[in-house]
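Overview (structure and organization)
The lines below spell out each chain.
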Amino acid sequence: MDMPLPGGLGMADVAEDRDGLALDVLNLPLGPVLPDWPAGLVLDVVMQGDVIASAEARFLDGARVPRGAGEFGPVVGDLDVLARVLAVAGWPGPAARARALRDRVRRGAVREEVENELTALVRRVRGSRTLRLMLRGPGGDRKADVAGLLDSRLSRIEAHAAGRPTGEPDEPGRPSVRELGGRLAGAEWAAARLLIAALDPHPGPTARHASAGAGPAE
């Protein structure tokens, strides 16, 4: 039965989840403006408890702009993603440091001005036992994906700081918006939030009409 709630929200439906239990199903739009969230991303999710049963992703028209070209374009993107992952993980100090370095590079700081600070940031993040344990916790393959993506970003930042080629012309593991829904289906919300931050999806060539979907979690 469809019964409106105050504010026009709908009542939760009931569906069988991946464990065979009957749980409320909630349809929620997330974004486009959330803390530490890719700018302009809108995620329409079907939630069963704290698990994403299915998801469709899209970007608002014109919401995403290039990070910047030139020698420091890639490291700006890497620092942006690093800051977002650390913030979502609940580590605000290094997240703020990554943002500050991103902004300095974007304003034109030469490599020699930031190389020691970039190296120190990478060393601090890699040395965090708490962060490693958190990324090995509940969340399965999704958190393993986050750990791998984070390590790739750190390696690229380290290479930039040392003046070495990164060996990766493109940003690591960055999916188009068409692919995002399938990557999130079946994930618990906490793990999905970290994965969104680490993946940093892009609109793709047909972002104006793109969406990505997946069926109910098994």
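Up top is the structure.
As a starting point, this report considers the structure included with it. (Residues numbered from 1 in each chain as written. Predicted model: local features only at pLDDT ≥ 70, side-chain atom pairs only at ≥ 80, totals over all residues. Heavy atoms only, no water.)

1. Describing the pairing of strand S4 (residues 51–59)
When you tally the buried positions in S4, you get 7 out of 9 residues, the bulk of the element. By the bridge criterion, 8 bridges tie strand S3 (residues 41–48) to S4 in an arrangement that is antiparallel. Each residue of the ladder has a partner; that of Met47, found in S4, is Ile52. Taking the residues that link successive antiparallel strands as the turn, the S3-S4 hairpin has 2 residues, and the phi of Gly49 there is positive, at about 65°. (Buried < 20%, exposed > 50% of the residue type's maximum accessible area, 1.4 Å probe, protein only. Helix = DSSP H or I, 4+ residues; strand = E, 2+ residues; numbered from the N terminus. Pairing = 2+ DSSP bridges.)

2. What to know about the environment of Asp24
Residue position: Asp24 is located in strand S2 (residues 22–30). We classify Asp24 as partly exposed; its relative accessible area is 46%. When the C-alpha atoms of Asp24 and Met47 are compared, they prove to be 8.0 Å apart, with 23 residues separating the residues in sequence.

3. Some details on unusual backbone geometry
Peptide bonds are trans in most cases, and residues, glycine excluded, mostly fall at negative phi. The step from Gly31 to Pro32 runs through a cis peptide bond, and the omega angle for that step is 5°. With respect to the secondary-structure elements, Pro32 resides in the loop between S2 and S3. Look at Asp36: it is not a glycine, yet its phi comes out positive at around 55°. Following the sequence through the fold, Asp36 ends up in the loop between S2 and S3. Looking at Asp36, the relative accessible area reads 27%, which means it is partly exposed.

4. Some remarks on the pattern of salt bridges
Per the counting criterion, the structure on display carries 16 salt bridges. Of the charged contacts, one joins Arg99 and Asp36 as a salt bridge, the two residues approaching to 2.5 Å between their closest N and O atoms. Of this pair, Arg99 sits in helix H2 (residues 92–106) while Asp36 sits in the loop between S2 and S3, and the two are 63 residues apart along the sequence. Owing to a relative accessible area of 27%, Arg99 belongs among the partly exposed residues under this scheme. Glu112 is paired through a salt bridge with Arg111; the nearest N and O atoms lie 3.4 Å apart. The network of salt bridges with common partners includes Asp80, Arg84, Arg102, Asp103, Arg106, Arg174 and Asp200. (Salt bridge = Lys/Arg side-chain N within 4 Å of Asp/Glu carboxyl O.)

5. A few points about the nonpolar core
Counting 47 residues, the largest nonpolar core has Leu41, Leu43, Leu79, Leu82, Val85, Leu150 and Leu184 as the members making the most contacts within it. Among the elements that make up this core, the one with the highest residue count is helix H1 (residues 73–88) (8 residues). Ignoring any residue separated from it by four or fewer positions in sequence, one finds Leu43 in contact with Leu28, Pro29, Leu30, Trp37, Ala55, Glu56, Ala57, Leu180, Leu184 and Ile196. (Core = buried A, V, L, I, M, F, W, Y, C linked by side-chain atoms within 4.5 Å. Contact = heavy atoms within 4.5 Å.)

6. Focus: the packing of helix H6 (residues 177–184) against helix H7 (residues 189–199)
Between H6 and H7, the least distance of the axes is 11 Å, while the angle of their chain directions is 155°. The orientation of H6 relative to H7 falls into the category roughly antiparallel. H7 is crossed by H6, and the crossing has right-handed handedness. In this structure, H6 contributes Leu180, Arg183 and Leu184 to the contact, and H7 contributes Ala192, Leu195, Ile196 and Leu199. Tallied by class, residues from the contact of H6 with H7 come to 6 nonpolar, no polar and 1 charged. (Axes fitted to C-alpha atoms, helices over the stretch in contact; angles between N-to-C directions. Parallel < 35°, antiparallel > 145°, perpendicular 65-115°, else oblique. Left-handed = near helix turned anticlockwise from the far one by under 90°. Nonpolar A, V, L, I, M, F, W, Y, C, P; charged D, E, K, R; others polar.)

7. Some remarks on the packing of H2 against helix H3 (residues 111–126)
With their axes 11 Å apart at the nearest point, H2 and H3 run at an angle of 155° to one another. Taken together, H2 and H3 sit at an angle that is classed as roughly antiparallel. As H2 runs across H3, the sense of the crossing is left-handed. Each of Pro94, Arg97, Ala98, Leu101, Arg104 and Val105 in H2 lies in contact with H3, whose residues at this interface are Glu113, Val114, Glu117, Leu118, Leu121 and Arg124. The residue inventory of the contact of H2 with H3, partitioned by class, reads 7 nonpolar, no polar and 5 charged.

As far as function goes, none of this settles anything; it's purely spatial.
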